[in-house]
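# Descriptive structure summary
Each chain, written out:
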Amino acid sequence: GEDVEQSLFLSVREGDSSVINCTYTDSSSTYLYWYKQEPGAGLQLLTYIFSNMDMKQDQRLTVLLNKKDKHLSLRIADTQTGDSAIYFCAGEGGADGLTFGKGTHLIIQP
Amino acid sequence: DAGVTQSPTHLIKTRGQQVTLRCSPKSGHDTVSWYQQALGQGPQFIFQYYEEEERQRGNFPDRFSGHQFPNYSSELNVNALLLGDSALYLCASNPAIRRETQYFGPGTRLLVL
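Residues numbered from 1 in each chain as written. Chains lettered and ligands numbered in written order. Predicted model: local features only at pLDDT ≥ 70, side-chain atom pairs only at ≥ 80, totals over all residues. Heavy atoms only, no water.

## Focus on the environment of Ala38(B)
Its location among the elements puts Ala38(B) in the loop between β4 (31-37) and β5 (44-50). Separated by 50 residues in the primary sequence, Ala38(B) and Leu88(B) place their C-alpha atoms 6.3 Å from one another. (Helix = DSSP H or I, 4+ residues; strand = E, 2+ residues; numbered from the N terminus.)

Right, here's the structure in full:
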């Protein structure tokens, strides 16, 4: 089945850009997703990208997909304290629903 | 639009007991999926319901079962609870024709003692 890997922590200064990286194994995933989870809360769908796209931009968010390397990234421009959360990358696992990574804790330094 | 709602928000059970968690999907959504999120981990897919039938299932034992009602709401049942079943249980919904828009509820936090 699908396997999704993410680094556990990322620390950035307020106002800088954050880049969260993810690698996946299943090249048949039609969609790849980024979700945000704040403490004690459920998951918020941030954005998704269709597998035949290389890039998708949505306001401060930019998703880059490198299908050859099976690498997905999420760039958050002008990072704010409200962006502090856990970010999950997920792929479609075919018959297994969505497969999530363990999440990247984004820490914002003032 | 209330989005995906789940009840209860928190629950404490003892080993061996049974539990039922409930989910109401977002308006216009007919497909419901359940996930288990252990502490410090990403969510793991349990199963998905569509048209009142289990359509997909992840790697979970038969102790985990579910149901979908005609109004698309869903229940997750767990029998013979184990300490390891302690987790945040998340419900997600999407329209069947738009599987890329899967929205999650706030979850039910289950503690098994």
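## A few points about the layout of surface pockets
Its boundaries defined by the atoms lining it, the largest pocket holds a volume of some 460 Å³. The wall of the largest pocket is formed by 21 residues, among which Thr99(A), Phe100(A), Pro43(B), Gln44(B) and Phe45(B) lie closest to the centre. At the level of secondary structure, the elements contributing two or more residues to the lining of the largest pocket comprise β10 (98-100) of chain A together with β4 and β5 of chain B. Take the lining of the largest pocket: its biggest share by element is three residues, from β10(A). Tallied by class, the residues present in the lining of the largest pocket amount to seven nonpolar, ten polar and four charged. A volume near 330 Å³ is recorded for the second largest pocket. In terms of residues, the lining of the second largest pocket owes the most to one element, strand β9 (residues 85-92) of chain A, which gives three residues. A class-by-class count of the residues in the lining of the second largest pocket yields ten nonpolar, seven polar and three charged. (1 Å grid on protein atoms, 1.4 Å probe; cavity = no way out; pocket = protein on both sides within 12 Å on 5 of 7 lines; lining within 4 Å. Points joined across faces, edges and corners; volume = space filled by probe spheres on them. Nonpolar A, V, L, I, M, F, W, Y, C, P; charged D, E, K, R; others polar.)

## Comments concerning the interface of chain A and chain B
On the side of chain B, 20 residues touch chain A, which itself brings 20 residues to the contact. Of the roughly 1,600 Å² buried between chain A and chain B on both sides combined, carbon and sulfur atoms contribute 51%. Between the two partners, chain A and chain B, sit zero salt bridges. For the pair chain A and chain B, the interface holds four residue pairs in polar contact (both at pLDDT 80 or more). For the side of chain A that touches chain B, the secondary-structure elements that each account for two or more residues are β4 (31-37), β5 (43-50), β9 and β10 of chain A. Of all the elements, β4(A) adds the most residues to the side of chain A that touches chain B, at four residues. Across the side of chain A that touches chain B, the residue classes tally to eleven nonpolar, six polar and three charged. (Contact = heavy atoms within 4.5 Å. Buried area = accessible area lost by both parts, 1.4 Å probe. Salt bridge = Lys/Arg side-chain N within 4 Å of Asp/Glu carboxyl O. Polar contact = N/O pair within 3.5 Å; in protein donor to acceptor, adjacent residues only side chain to side chain.)

## A few points about the sheet that holds strand β3 (residues 19-24) of chain B
All names here are of chain B. Taken in spatial order, the four strands line up as β1-β3-β8-β7 in an open sheet, and their pairing is antiparallel. Either end of the sheet is taken by a strand with one partner, and the two such strands are β1 (5-7) and β7 (64-68). Each strand of the sheet is rotated relative to its neighbour by a mean of 20°, with strand direction disregarded. Bridge count between β7 and strand β8 (residues 74-78): five bridges; the pairing is antiparallel. (Pairing = 2+ DSSP bridges. Axes fitted to C-alpha atoms, helices over the stretch in contact; angles between N-to-C directions.)

## Structural notes on the sheet that holds strand β8 (residues 71-76) of chain A
Residue and element names in this part refer to chain A. One open sheet holds the five strands; their spatial order is β1-β3-β8-β7-β6, and the pairing between them is antiparallel. The strands lining the two open edges of the sheet, one partner per strand, are β1 (4-6) and β6 (55-58). Going across the sheet, the axis of each strand differs from the next one's by a mean of 15°, ignoring polarity. Sheet topology places β6 next to strand β7 (residues 61-66); four bridges connect them, and they run antiparallel. Bridge pairing in β7 links Gln 57 to Thr 62.

## Overview of the state of the cysteines
Two cysteines form a disulfide when their sulfur atoms are joined by a covalent bond. Residue and element names in this part refer to chain B. As enumerated under the stated definition, the model contains two disulfides over all chains in all. Here Cys 23 engages in a disulfide with Cys 91; their sulfurs sit 1.8 Å apart. As the torsion about the S-S bond is roughly -60°, the Cys 23-Cys 91 disulfide counts as left-handed. Of this pair, Cys 23 sits in strand β3 while Cys 91 sits in strand β9 (residues 87-94); the two residues are 68 residues apart in sequence, bridging distant segments of the chain. This pair shows no difference in class: Cys 23 is buried, exactly as Cys 91 is. (Disulfide = S-S within 2.5 Å. Buried < 20%, exposed > 50% of the residue type's maximum accessible area, 1.4 Å probe, protein only.)

## Structural notes on unusual backbone geometry
Cis geometry is found at the peptide bond from Ser7(B) to Pro8(B), where omega equals -10°. Following the sequence through the fold, Pro8(B) ends up in the loop between β1 and β2 (10-13). One non-glycine residue with positive phi stands out, namely Gln59(A), at about 55°. Tracing the backbone shows Gln59(A) in the loop between β6 and β7. Residue Tyr72(B) is not a glycine yet carries a positive backbone phi of 80°. Note on placement: Tyr72(B) falls in the loop between β7 and β8.

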